[in-house]
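Here's the letter readout for the chains.
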Amino acid sequence: MRLPPQPSERIDRRRPITFSFEGTPVTAFAGDTIGSALFASGRRIFSRSFKYHRPRGLLCCSGDCPNCMMEVDGVPNVRVCVEPAREGARVRPQNVVGSLERDLMGIVDKVGGPVTPVGFYYRTMIRPRRAWPLYEKLLRSVAGLGRIDEHATRRGRFETEHRRAEVLVIGASSAGLDAARRAAAAGRQVVLVDDGPDPVPGAGDARPFEIIAPASAIGIYEGGLVPVDAGDVLLRFRADRIVVATGGIEQPLLFPGNDLVGVVLPGAVRRLVNSWALKPGDRAVVITADDRGLAALDDLRRAGVEVLELVDLRARKPGAIAAHGKGGKLRSVAVDGRSFDADLLVMSGGVQPAYSLLAQAGAKIQYDAARGVFLAEDLPDGVEAVGAAGGELAPAAIPAATFGAGGRKGKCFVCMCEDVTDKDVKRAIREGFDSIELAKRYTTVTMGPCQGRLCQLPSVRLYARENETDEAAIGTTTARPPWRPVSLGLLAGRGHEPAKRTAIHHRHKDLGATMMWTGAWRRPHSYGDPIREAQAVHESVGLIDVSTLGKLIVTGPEAVPFLERLYPNRFGDMAFGRIRYGVLGTDAGRIMDDGTIARLGDELFYVTTTSTGADTVIEWFEWWNAVWHMEVEITDVTGALAAVNIAGPRSRELMSRLTDLDVSSGGFKYLDARRAHVVGVPSLILRIGFVGELGYEIHFPSPFGEFVWDEILQSGSDLEVKPFGLEPQRILRLEKMHILVGQDTDSESNALEASMPWIVKFDKDDFVGKWALEQVRERGAREQLVGFELEDGVAPPEGGQVVVGGRPAGRVTSSRWSEELRKVIGMAWVPPTLAEEGAALDIKVDGGFERAKVTLKPFFDPEGGRLRS
Amino acid sequence: VSELDFLAVDRAQASDRFRPVARSPMARRLLEAGAEFAERDGWLVAVSVPGEDDVSVAIRDVTHAYRIDERHGDVERRDGAHAARLPSARSFVATRRDGAAAESAPVQGAVDLSAGFAALEIEGPGASQVMRRLTDLDLDRLPAVGAVAQVRTFVFRHAPEGYLIFFRQEFGHYLWDIVVDAAKPFGGGPKA
């Protein structure tokens, strides 16, 4: 039943809305919340409490307390008192076995109190230890909040939006609106956010500042970052100035029965009557520490509620207050022995400024003994507090920590969220949890959904009284974001996971490649048959996309000394148009990357790196260039150039069809670099062979990726040219015993122990890591990277153990079956004593051992005849 | 081919045997959206996209339209050119190939990186909001170098509600998908 139209009601009676509660239709009006519509339909019990399953009804009507949390359209823990009613919404209660009126778990309230004090499970459920999973399941089924549907799918789209404001006002209290108007009048760009409905409805573009409502600021972070929950969008505000106008939070009083259905805060009366035209009850008692209770009194009278008693705590301090009920609903109120048959008790324990956002911003929180509240002081630059949040409060009495029951029994709740009573707090103090932070963790007061809004101040008062000290000495717990509940989906937002694709990527997909991640790159693992693809390279000609290689242009008068300082090998003696393999080391002499260095001119070098190491190498080059101040320019051309490798005995024949360049063995030798047009595209061609066969690596502008790929495949169709992926490439390079940095090396590997002593030129003046490598040379190798082969058996797992004398002595880094060699081949780190041609290794495989033979030369074409042909 | 010509898209040579055509990394996505293409100055360029007349925030692939280089020192902004400072006293310069600032001769010391970058335009009412969902860059202080959808970009404003973004071409496919998706709630979509 609704009251006659109220002057400031928010409902539009011409626009009915229907939603369902437990399958039963409920009629609401536009402007209603789900909670107000349910109240209008006669519902008084809205939830069952966390632990005792006590009936709970509307308490604050402002989204502060946990009493009205329900599941709405599958989303748990929705505070229906502030959730707008919407057509077709499906609403159901949560944490209930049965119904809200008859919850079978309500038995816990009858029998559980004495045996389930705070922290009881820490003491009673620790033995037997193996039963804990059972206990945990039981606790989780009995206590708690709403349940998440484990099979739920994404319901909606969450976005993150980056916003800026010169002035961001949080809260549309009158002080907040004033602050916004003043700033706007001063020409500032102002945005006001508020978690209620639009505070200036209908103003449209006439507003002097932007209003975002309903929207909740959930924290204040460094740099003026204020995330704002605006439903499906998380607005990440950066503001030059933040005005906090979050107002104050009405505080409950602590007395037996203070959680009964029908015990409400003044704000609930104001909203029920004025916003939704609802009569809160029939017969009321008002107990108040401030004018809010008196304002509620006016609202009640206007709504036709009979007010039986008014207790103004500023004038009179009763010794005992108790509320009594039946079925969880208020039936009577006793004040100092006088009993009133009331179904509504309006309690006001004063207002605590909502300081959490200010505390998060860095303000100091101090207790004001004169007013009995905590206030934010020493606000950081750029942050301002106005209105109640800033301590502008009407005079109020400081209520007692608790009011006695006058001899009658009943639970007195300090924390409604977690069902913590005054007895629980006293017990915790007796057990030694006298610090507010420790007690918080033990009792869980302030850790529930309200996050201390309604329990912080009362619990501090209680701690102070029981510890015979004052509230300032007790202090407060740390205020942390989020200030308002926020969904994990909103925090996560839309995932942005950058993926790199080569210019030939779609051709691989067209050819049916299985794609895999290598770093941020998407690359073809194979095109269906890796063994066959590897064999095509040995037998005819293969084509692989190697665009992912890192590529750098190093140029300048000091390019040679720069490279010679970075690499352990030498470059000054290179002829133009020649290529050299290089291993890049750290200051500690460890291998960080490898690649090729082609000299294209007197002061011009083209450097390639591994695919996954490219970004690190580029940073490494630039960092050292900044340190050494050398006349060198480094340009990253990784993405600018696509690259393909044509490899196999018939690759020369294929190349001759693609370019006018002399590709004969005499005209274009192994480790030569040439610039020429390939299929009409300007290219740099490197005669190198990572896969062990005659090969040409063609680097060319990326926009021609698909064109060049297509032309090569077409031109070589009669040569049976086949694309090959990463997996066959790994087989081929292993046959040649070419290392993969990161696979065959780790953060401790160095070039000497990785069997590449020839690359380290100790006679150079200096290079990065020289001193460290000298120490390695002096102490001798502790381990050695070698090849191994198994005539039969399975390929040992990469990372598998090499065992000597029954003890782990090394590890397998790579292993594959080679169809070409008809055996298992691999590489492993072994003790130096085993690094001899033909030495026997035991490798752990599937719990047993496989005997392998050490090989120091490449398995395939050890003399390099095919590569150099 | 000499010096660094192997980086230059416009050094491609058509012949009887081969007719090189350059493609943007986003061409495939446009093709899948039903776009029709034509060859322009050696590039395959989308000339129409189904439904493009209905989009309010236009997402355009303009990779083909710009020559990009990295060069020493500061560069003043000229008609049709966009420049941003890089570390080590260098500049990123994007010049419209058909603009007044198009240069016939390469600038001394400049490295042609046209092949390494892709370019997108986001234009129309709501473009700023689309951008704000992709980047925390201050859109009132452009040009800027910073992350868009976690990819390093050069962002310019070319109209009151128009943004031009340059980024490494290997992110083309990824960024196209992200931008088109972000623009959808604002009536955005691909446009030729």
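Here, the structure is the one placed above.
A few points on the structure. (Residues numbered from 1 in each chain as written. Chains lettered and ligands numbered in written order. Predicted model: local features only at pLDDT ≥ 70, side-chain atom pairs only at ≥ 80, totals over all residues. Heavy atoms only, no water.)

### Focus on the overall build of chain A
Then, number 1: Of the regular secondary structure elements, chain A holds 22 helices and 47 strands.
Then, number 2: In summary, chain A has a C-alpha radius of gyration of 38 Å against a globular reference of 29 Å for 869 residues, an excess of more than 25%.
Then, number 3: For chain A, the proportion of its 869 residues judged to be buried stands at 59%.
Then, number 4: Of the roughly 35500 Å² of accessible surface on chain A, a fraction of 50% belongs to carbon and sulfur atoms.
Then, number 5: Each charge sign in chain A was given a centre, from 109 positive and 114 negative side chains, and these centres are 7 Å apart. (Helix = DSSP H or I, 4+ residues; strand = E, 2+ residues; numbered from the N terminus. Rg over C-alpha atoms; globule rule 2.2 N^0.38 Å. Buried < 20%, exposed > 50% of the residue type's maximum accessible area, 1.4 Å probe, protein only. Areas by Shrake-Rupley, 256 points an atom, 1.4 Å probe, with all protein chains shown as cover. Lys, Arg positive; Asp, Glu negative; His and termini not counted. Charge placed at Lys NZ, Arg CZ, Asp CG, Glu CD.)

### Some remarks on the sheet that holds strand E10 (residues 151–159) of chain B
Residues and elements named next belong to chain B.
Then, number 1: Within the open sheet, the six strands sit side by side as E9-E10-E11-E8-E3-E12. Their pairing is mixed. The outermost strands of the open sheet, each flanked by one partner alone, are strand E9 (144–148) and strand E12 (188–190). Looking at each pair of strands side by side, their axes are set apart by 30° on average, direction ignored.
Then, number 2: Direction of pairing for E10 relative to strand E11 (residues 162–168): antiparallel, over a ladder of six bridges. For alanine 159, the partnering residue across the bridge sits in E11 and is glycine 162.
Then, number 3: Sheet strands touched by helix H3 (residues 172–183): strand E3 (57–61), strand E8 (117–123), E9, E10, E11 and E12. Its angle to E3, the strand with the most contacts, is close to 170°. (Pairing = 2+ DSSP bridges. Axes fitted to C-alpha atoms, helices over the stretch in contact; angles between N-to-C directions. Contact = heavy atoms within 4.5 Å.)

### Quick word on the interface of chain A and chain B
Then, number 1: Taken together, the contacts link 56 residues of chain A with 49 residues of chain B.
Then, number 2: The junction of chain A with chain B conceals about 4500 Å² of combined surface from both sides, 56% of it contributed by carbon and sulfur atoms.
Then, number 3: When residues of chain A are sorted by the area they lose upon contact with chain B, His162, His496 and Pro703 of chain A head the list and together hold 14% of the total.
Then, number 4: Inspection of the region where chain A meets chain B yields nine salt bridges.
Then, number 5: In this structure, arginine 494 of chain A engages aspartate 181 of chain B in a salt bridge whose closest nitrogen and oxygen atoms are separated by 2.5 Å.
Then, number 6: At six residues, strand E8 (residues 159–170) of chain A tops the list of elements feeding residues into the side of chain A that touches chain B. (Buried area = accessible area lost by both parts, 1.4 Å probe. Salt bridge = Lys/Arg side-chain N within 4 Å of Asp/Glu carboxyl O.)

### Structural notes on the packing of aromatic side chains
Then, number 1: As enumerated under the stated definition, the model contains 19 aromatic pairs over all chains in all.
Then, number 2: The interplanar angle of 10° and the centroid separation of 3.9 Å between the aromatic rings of phenylalanine 433 of chain A and tyrosine 442 of chain A together place this pair among those described as stacked.
Then, number 3: The exposure class of tyrosine 442 of chain A is buried, given its relative accessible area of 9%.
Then, number 4: On the numbers, 5.8 Å between centres and 80° between planes, the contact of phenylalanine 156 of chain B with phenylalanine 166 of chain B is edge-to-face. A residue pair is termed long-range when its members are at least 10 positions apart, and phenylalanine 156 of chain B in strand E10 and phenylalanine 166 of chain B in strand E11 qualify at 10 residues. Residue phenylalanine 156 of chain B shares its accessibility class with phenylalanine 166 of chain B, and that shared class is buried.
Then, number 5: An aromatic cluster is built from Phe562, Tyr567, Phe571, Trp620, Phe621, Trp623, Trp624 and Trp628 of chain A, whose rings are joined through pairwise contacts.
Then, number 6: Note that lysine 411 of chain A overlies the ring of tyrosine 52 of chain A, its terminal NZ or CZ placed 4.6 Å from the centroid.
Then, number 7: A cation over an aromatic ring shows up here: arginine 777 of chain A above the ring of phenylalanine 762 of chain A, its NZ or CZ 4.0 Å from the ring centre. (Phe/Tyr/Trp six-rings, centres within 6.5 Å; stacked < 30°, edge-to-face > 60°. Lys NZ or Arg CZ within 6 Å of the ring centre and 35° of its normal.)

### Things to note about the environment of valine 9 of chain B
Then, number 1: Within the secondary structure layout, valine 9 of chain B lies in the segment before helix H1 (27–32).
Then, number 2: For valine 9 of chain B, a relative accessible area of 6% gives the class buried.
Then, number 3: Sequence separation between valine 9 of chain B and arginine 96 of chain B is 87 residues; the distance between their C-alpha atoms is 15 Å.
Then, number 4: When neighbours within four sequence positions are excluded, valine 9 of chain B is seen to be in contact with Pro701, Pro703 and Phe704 of chain A together with Ala22, Trp43 and Ala115 of chain B.

### Quick notes on the pairing of strand E42 (residues 784–790) of chain A
Regular strands have side chains that alternate between both faces of the sheet.
All names here are of chain A.
Then, number 1: Along E42, seven of the seven residues are buried, which leaves the element largely enclosed by surrounding structure.
Then, number 2: Neither face of E42 is open: one carries Gln784, Val786, Phe788 and Leu790, the other Leu785, Gly787 and Glu789, and all of them are buried.
Then, number 3: In this structure, E42 lies alongside strand E45 (residues 823–830), joined through seven bridges in antiparallel fashion. Among the inter-strand pairings, glutamate 789 is bridged to a residue of E45, identified as isoleucine 825.
Then, number 4: Relative to strand E47 (residues 848–855), E42 runs antiparallel, the two being bridged by three bridges. Among the inter-strand pairings, glycine 787 is bridged to a residue of E47, identified as threonine 855.

### Topic: the nonpolar core
Then, number 1: Within the largest apolar cluster, 85 residues are counted, with the highest numbers of intra-cluster contacts made by Leu168, Ile170, Val226, Phe237, Phe255, Ile287 and Leu345 of chain A.
Then, number 2: Examining the composition of this core, we find that six residues originate from one element, strand E13 (residues 233–244) of chain A, more than from any other.
Then, number 3: Discounting residues that sit within four places of it in the chain, phenylalanine 237 of chain A has contacts with Arg163, Arg164, Ala165, Leu168, Val191, Val193, Ile212, Gly224, Leu225, Val226 and Val228 of chain A.
Then, number 4: Residues Leu600 and Tyr606 of chain A together with Phe6 and Leu164 of chain B belong to the second largest nonpolar core, which totals 68 residues. (Core = buried A, V, L, I, M, F, W, Y, C linked by side-chain atoms within 4.5 Å.)

### Looking at the packing of helix H9 (residues 422–430) of chain A against helix H11 (residues 456–466) of chain A
All names here are of chain A.
Then, number 1: At a closest axis distance of 10 Å, the pairing of H9 and H11 adopts a crossing angle of 45°. Taken together, the axis directions place H9 and H11 in an arrangement best described as oblique. Considering how the two elements wind past one another, H9 and H11 form a crossing that is right-handed. Residues Asp422, Val425, Lys426 and Ile429 of H9 lie in contact with H11, whose contacting residues are Leu462, Tyr463, Arg465 and Glu466.
Then, number 2: A breakdown of the residues in the contact of H9 with H11 according to their chemical character gives four nonpolar, no polar and four charged. (Parallel < 35°, antiparallel > 145°, perpendicular 65-115°, else oblique. Left-handed = near helix turned anticlockwise from the far one by under 90°. Nonpolar A, V, L, I, M, F, W, Y, C, P; charged D, E, K, R; others polar.)

### Some remarks on helix H10 (residues 436–443) of chain A
Residue and element names in this part refer to chain A.
Then, number 1: Those residues of H10 that sit buried are Ile436, Ala439, Lys440, Tyr442 and Thr443.
Then, number 2: Check the buried side of H10 and you find it contacts helix H3 (120–124), strand E27 (420–421), H9, H11 and helix H12 (471–474).
Then, number 3: Where H10 terminates, the next one or two residues include threonine 444, which has phi positive at roughly 70°.

### Some details on the state of the cysteines
Then, number 1: This model, assessed by the stated rule, comprises zero disulfides over all chains.
Then, number 2: In this model cysteine 81 of chain A remains outside any disulfide bridge; the closest cysteine sulfur is found in cysteine 68 of chain A, 3.6 Å from its own. (Disulfide = S-S within 2.5 Å.)

### Let's talk about the environment of glutamine 366 of chain A
Residue and element names in this part refer to chain A.
Then, number 1: Position of glutamine 366 among the secondary structure elements: in strand E23 (residues 364–368).
Then, number 2: Relative accessible area serves as the criterion here: at 33%, glutamine 366 is assigned to the partly exposed category.
Then, number 3: C-alpha separation for the pair glutamine 366 and valine 305, spaced 61 residues apart in sequence, amounts to 40 Å.
Then, number 4: When neighbours within four sequence positions are excluded, glutamine 366 is seen to be in contact with Val373, Phe374, Leu375 and Glu377.

### Some details on the side chain of serine 702 of chain A
Then, number 1: By secondary structure assignment, the location of serine 702 of chain A is in the loop between strand E40 (695–701) and helix H19 (705–715).
Then, number 2: When its relative accessible area of 4% is taken as the criterion, serine 702 of chain A is described as buried.
Then, number 3: Of the polar contacts made by the side chain of serine 702 of chain A, one reaches the backbone nitrogen of alanine 642 of chain A; its length is 3.2 Å.
Then, number 4: Not counting chain neighbours up to four residues away, the residues in contact with serine 702 of chain A comprise Ala503, Gly639, Ala640, Leu641 and Ala642 of chain A together with Ala115 and Gln169 of chain B. (Polar contact = N/O pair within 3.5 Å; in protein donor to acceptor, adjacent residues only side chain to side chain.)

### Digging into unusual backbone geometry
All names here are of chain A.
Then, number 1: The amide bond that connects arginine 127 to the next residue, proline 128, takes the cis arrangement and shows omega of -15°.
Then, number 2: In this structure, the amide linkage connecting proline 481 to the following residue, proline 482, adopts the cis form with an omega of 0°.
Then, number 3: Residue position: proline 482 is located in the loop between H12 and helix H13 (488–492).
Then, number 4: At glutamate 22, a residue that is not glycine, the phi angle is positive and equals roughly 50°.
Then, number 5: In this fold, glutamate 22 is placed in the loop between strand E1 (12–21) and strand E2 (24–30).
Then, number 6: Overall, glutamate 22 belongs to the partly exposed group, its relative accessible area being 43%.
Then, number 7: The backbone of aspartate 419 shows a phi angle near 55°, a positive value even though the residue is not glycine.
Then, number 8: Mapping aspartate 419 onto the fold places it in the loop between strand E26 (413–415) and E27.

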